[in-house]
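Observations on the model geometry
Listed here are the chains, written in short residue letters.
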Amino acid sequence: MAITPNYYETLYITRPDIQEEDLAKIQQKLQDSISSNEGEIIKADKWAERNLAYEIQDHKKGTYYILVFKALPNASKEVEKHLQFYRTDILRFITLKTTEEAVNKNKASEEKKEKTEPTTPTPPPAAPPTTTAAPTPPPAAPEPPTAAPEPPPAAPEPPTAAPEPAATPPTEAPASTEEAKTENTDTQEEGGTN
Amino acid sequence: MDSRRDRRFFSKKKVCRFCTESIEMDYKNVDLLSRFITDRKKIVPRRNSGLCAYHQRQLSTTIKRSRFMALLPYTVLH
């Protein structure tokens with residue numbers, strides 16, 4: 001039974017401060033191990049540079065590189081062996097078997113993206129008008145304060161309380177409560193005099 | 001019968017998103033996977049995610065792969 005080549009996808013994270021020479025050396029080794037196993041590299045890209053979800057070897061950031069290749073099963077083993085060897089520079093790696101369809105699909109979607117990307121820069125000119133219109137919404141925000149003054153009407157109930165503490169409730173409330181208070185105090189004084 | 005009449009809450013029947021929509025599950029697709037994670041970064045159970053058995057199994061492995069590659073956190077406590 002002949003061993004048929006498979007499709008593999010390797011994703012590895014390098015240290016953010018890796019030397020370019022070291023990276024080139026590692027990538028060369030990966031390439032060699034694939035080509036020595038009747039393989040071909042379909043894609044070898046820098047995928048992203050992002051913050052790691054958790055620290056690995058005290059690194060908070062990492063650079064992700066993706067490598068898609070078609071080769072005999074031995075190649076994936078060799079690739080992993082090399083990545084393991086340079087584990088000071090390579091924080092994590094994962095190799096998964098994929099299918100030809102998935103690889104082709106990804107290729108097609110990427111080509112689509114590349115086609116759409118040049119067209120997308122046109123929308124930005126249209127965007128600035130919205131920024132000028134944006135400043136209007138803020139005035140709508142101060143709604144909550146109007147809802148807040150509800151409690152104060154309960155305050156005037158204790159007639160012994162002096163008018164001064166009633167001034168603490170916010171914004172619109174003081175005017176109404178002060179009036180109520182003064183009325184209350186007036187009646188009290190009248191009652192007192194009488 | 002009474003108890004049945006009193007039941008007023010009708011939950012919409014959930015259909016597996018991965019079956020109905022043609023989305024590929026990929027451990028590199030962080031935005032998609034993060035929707036199936038709780039605030040505490042746990043994998044959402046099937047009763048909440050609404051996925052079928054097959055895709056829930058796939059989801060759990062892809063999330064775990066994603067965690068290994070530091071794309072998703074294991075816990076909040078990192």
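Above: the structure in question.
Reference entry: report on the structure contained in this document.

Re the packing of helix H1 (residues 20-35) of chain A against helix H2 (residues 73-85) of chain A
All names here are of chain A.
- In the contact formed by H1 and H2, the axes pass within 8 Å of each other and the chain directions differ by 160°. Between H1 and H2, the angle falls in the class roughly antiparallel. Helix-helix and strand crossings are classified by hand; for H1 and H2 the assignment is right-handed. Of the residues in H2, those touching H1 at Ile26, Lys29, Leu30, Ser33 and Ile34 are Ala75, Glu78, Val79, His82 and Leu83.
- The residue makeup of the contact of H1 with H2, split by class, is six nonpolar, two polar and two charged.

Looking at the packing of aromatic side chains
- This model, assessed by the stated rule, comprises six aromatic pairs over all chains.
- An angle of 20° between the planes, with centres 5.8 Å apart, marks the rings of Tyr12(A) and Tyr65(A) as stacked. One end of the pair, Tyr12(A), is in strand E1 (residues 6-14); the other, Tyr65(A), is in strand E3 (residues 59-71), with 53 residues separating them in the sequence. For the pair Tyr12(A) and Tyr65(A), one class covers both residues: buried.
- Taken together, a centroid distance of 5.6 Å and an interplanar angle of 75° make the contact between Trp47(A) and Tyr64(A) edge-to-face. Here Tyr64(A) lies in strand E3 and Trp47(A) lies in strand E2 (residues 40-56), a separation of 17 residues in the sequence.
- Classification of Trp47(A) as partly exposed rests on a relative accessible area of 29%.
- Sitting above the plane of the Tyr27(B) ring, Lys28(B) keeps its charged end 4.9 Å from the centroid.

What to know about the layout of surface pockets
- Of the pockets and cavities examined, the largest pocket occupies roughly 1,400 Å³.
- In this structure, the largest pocket is lined by 35 residues; those nearest its centre are Asn106(A), Glu24(B), Met25(B), Asp26(B) and Lys28(B).
- Counting only elements with at least two residues in the lining of the largest pocket, the list comes to E2, E3, strand E4 (90-98) and helix H3 (100-119) of chain A together with helix H5 (53-68) of chain B.
- Considering each element in turn, the lining of the largest pocket owes the most residues, ten residues, to H3(A).

What to know about the interface of chain A and chain B
- The interface of chain A with chain B comprises 18 residues on the first partner and 14 residues on the second.
- In this assembly, chain A packs against chain B so that about 1,400 Å² is buried in total across both faces, 68% of it on carbon and sulfur atoms.
- Area buried by chain A at its contact with chain B is led by Ala53(A), Tyr54(A) and Ile94(A), which between them contribute 37% of it.
- The tally of links between chain A and chain B comes to two salt bridges.

Parameters and conventions
- Residues numbered from 1 in each chain as written.
- Chains lettered and ligands numbered in written order.
- Predicted model: local features only at pLDDT ≥ 70, side-chain atom pairs only at ≥ 80, totals over all residues.
- Heavy atoms only, no water.
- Axes fitted to C-alpha atoms, helices over the stretch in contact; angles between N-to-C directions.
- Helix = DSSP H or I, 4+ residues; strand = E, 2+ residues; numbered from the N terminus.
- Parallel < 35°, antiparallel > 145°, perpendicular 65-115°, else oblique.
- Left-handed = near helix turned anticlockwise from the far one by under 90°.
- Contact = heavy atoms within 4.5 Å.
- Nonpolar A, V, L, I, M, F, W, Y, C, P; charged D, E, K, R; others polar.
- Phe/Tyr/Trp six-rings, centres within 6.5 Å; stacked < 30°, edge-to-face > 60°.
- Buried < 20%, exposed > 50% of the residue type's maximum accessible area, 1.4 Å probe, protein only.
- Lys NZ or Arg CZ within 6 Å of the ring centre and 35° of its normal.
- 1 Å grid on protein atoms, 1.4 Å probe; cavity = no way out; pocket = protein on both sides within 12 Å on 5 of 7 lines; lining within 4 Å.
- Points joined across faces, edges and corners; volume = space filled by probe spheres on them.
- Buried area = accessible area lost by both parts, 1.4 Å probe.
- Salt bridge = Lys/Arg side-chain N within 4 Å of Asp/Glu carboxyl O.

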